[in-house]
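Next come the chains, spelled out residue by residue.
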Amino acid sequence: KVCLFAGGACTHGPGKIVDTDLSCHYRTHHDFEKNAGGAIQRFTKSALHFSELGSRLVISGNSCDLFACSLDQTGAAEMYSMMEQTGGTIVLSESFEHHVFRESLKRCFSRKEGSDDLEAALNVEIEVKCSKEVKVCGLIGPALGMGKDTGATSEVEIGEARTVRWKSGSCGRGTTFGIYFDIQMQHTDSKSEGQQQLQGAGRVFYTQFVTEYTHSLGQRSKRVVTVARRWAPPDSPEIARGFDEEAAAVLMARMAGARVEEGQEVVDTIRWLDRMLVSLCSRYGDCNENSSSHQFHLPQNFQRYPQLMYHLRRSQVLQVFNNSPDETVFFRLALKKESTRNSLLILQPRLLSYSFDSEGRPLPVPLDATSVLPDRILLLDTFFCILVHNGTTIAQWRREGYQDKEEYARFRQMLENPPRDAKAMASGRLPYPNIRECDQNGSQARFLLAKLNPSVTYASGGQVMGAEAIRTDDVSMETFLEHLGRLVAAHKK
């Protein structure tokens, strides 16, 4: 493992991202949109240098972790491919004294319980073998393709394609790889297509994953996982019953991020996501054509998928507003390598509520503007940041010192629970999340408001049932689902 500690931007050599002349500014997302200027020329040259360096690191079995501790950009966007290919981690912090850096560095070298062996697997090689009816489209994750083509690769290329073998310098316990497949169906006669599909139903096909890695103590291990699945006719209910909406949302998010990185406009990527969503809902959803509201119903294991797509459209994985290029690659790299559970937090953060009605215990509440109330403490977990948000009434009572009085022991306990739960959530994560605490209407409350569904805005008449209005022009989830219903109804017709 190679660790790079950066306290500023590179100003010399092939990795230079900015000149020492103060009139030379850092590259921004506006520079990428214009695709011209000296900043883009430096970025292109520097990114190519680090990409070649990353390939050399992977081939030699090494990984690189970047600890960028600065109030300004340090060049993580240029080094992104090096960390992605080698399985490394990007940690962004304000300084080397910040708890994010200190805790992340500890977890980078965490060891197995009762052993000197690191938890991370080193020099990892993954190979996929599958039945002849299934072809490999590619892999999206922290790995580099090794160019091994055994005839099992598909014409459809996704991520690191045209290979069935990939290599990564390092993998943690929660590291995941998104491998995409293509079903090859060849029919000589269109009339006999249905008969051939029925004859194939019930047959078994196999997919095998061969993983080799080295322990930090030098031992080499190999794990082989073979998965068997049965073919089913195109209209079989088994297909719908086997749908995993959470895994599908994460895989679609990785594909969307990869499309943007390859140069596709964010608007075009969102349109592609919308088309895929409409197609899925049209096939597996039931639409009431006689209803004027165009309501449609999805099976139980499909119902959360449209909500995840709504939050993906607004997430920092696709939207770059108010983020630097370094921050954008920080978010995208985490999505590419984290587990399904953590990836879902990146797409749709978790929101917990603490109140006297719940006796100070955390209760899940909707990620909605109506959840912000004066007498409630909210705990927002976005994976990168854990925010404790105190309502106006709670903040006023705390400033007046009610928690120091014996007769208000319940209030003191309610104040102590969210910070303790926040530290418990952060334990084991790499990078370590930034834990913040703020009051309603405070400056840092923006981190919460930016993630909430804007069901209450300045355009909807201000506050509703005590909820806080969000000043935004984004459509609410209700409007999004209503419009989706119209498109599904039109698609079915």
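Not measured: the values here are computed from a predicted model.

Colleague: Explanation requested: the sheet that holds strand E3 (residues 90-93) in the structure shown.
Modeller: Strand order in the open sheet formed by 3 strands is E1-E2-E3, with parallel pairing between adjacent strands. Two strands lie at the open edges of the sheet, namely strand E1 (2-6) and E3, each paired on one side alone. Going from strand to strand, the sheet's axes swing by 10° on average, the running direction of each strand aside. As judged from the 4 bridges shared by strand E2 (residues 64-69) and E3, these two strands associate in the parallel manner. Along E3, the bridge assignment pairs Phe-67 with Val-91.

Colleague: Please explain the nonpolar core as it appears in this structure.
Modeller: As a rule of thumb, soluble globular proteins bury nonpolar side chains together. One finds Leu-66, Met-83, Ile-90, Leu-273, Tyr-305 and Met-309 to be the most contacted residues of the largest nonpolar core, which totals 65 residues. No other element matches the 9 residues that helix H7 (residues 245-261) contributes to this core. Once residues lying within four places of it in the same chain are set aside, the contact partners of Leu-273 are Met-252, Ala-256, Met-309, Leu-312 and Leu-318.

Colleague: Is there a simple way to explain unusual backbone geometry in this structure?
Modeller: Most peptide bonds are trans, and most residues other than glycine sit at a negative phi. The amide bond that connects Leu-430 to the next residue, Pro-431, takes the cis arrangement and shows omega of 5°. As for its position among the elements, Pro-431 is in the loop between helix H13 (409-426) and strand E17 (434-439). The phi dihedral of Asn-441 is positive, around 75°, even though this residue is not glycine.

Colleague: Would you mind going over the packing of H7 against helix H11 (residues 340-347) with me for this structure?
Modeller: Contact pair H7 / H11: the axes reach a minimum separation of 10 Å and the direction vectors enclose 65°. For the element pair H7 / H11, the angle class is roughly perpendicular. Where H7 crosses over H11, the two elements pack in a sense that is left-handed. Across the interface between the two elements, Glu-246, Ala-247, Ala-249, Val-250 and Ala-253 of H7 pack against Thr-340, Ser-343, Leu-344 and Leu-347 of H11. Grouping the constituent residues of the contact of H7 with H11 by class yields 6 nonpolar, 2 polar and 1 charged.

Cut-offs applied
- Residues numbered from 1 in each chain as written.
- Predicted model: local features only at pLDDT ≥ 70, side-chain atom pairs only at ≥ 80, totals over all residues.
- Heavy atoms only, no water.
- Pairing = 2+ DSSP bridges.
- Helix = DSSP H or I, 4+ residues; strand = E, 2+ residues; numbered from the N terminus.
- Axes fitted to C-alpha atoms, helices over the stretch in contact; angles between N-to-C directions.
- Core = buried A, V, L, I, M, F, W, Y, C linked by side-chain atoms within 4.5 Å.
- Buried < 20%, exposed > 50% of the residue type's maximum accessible area, 1.4 Å probe, protein only.
- Contact = heavy atoms within 4.5 Å.
- Parallel < 35°, antiparallel > 145°, perpendicular 65-115°, else oblique.
- Left-handed = near helix turned anticlockwise from the far one by under 90°.
- Nonpolar A, V, L, I, M, F, W, Y, C, P; charged D, E, K, R; others polar.

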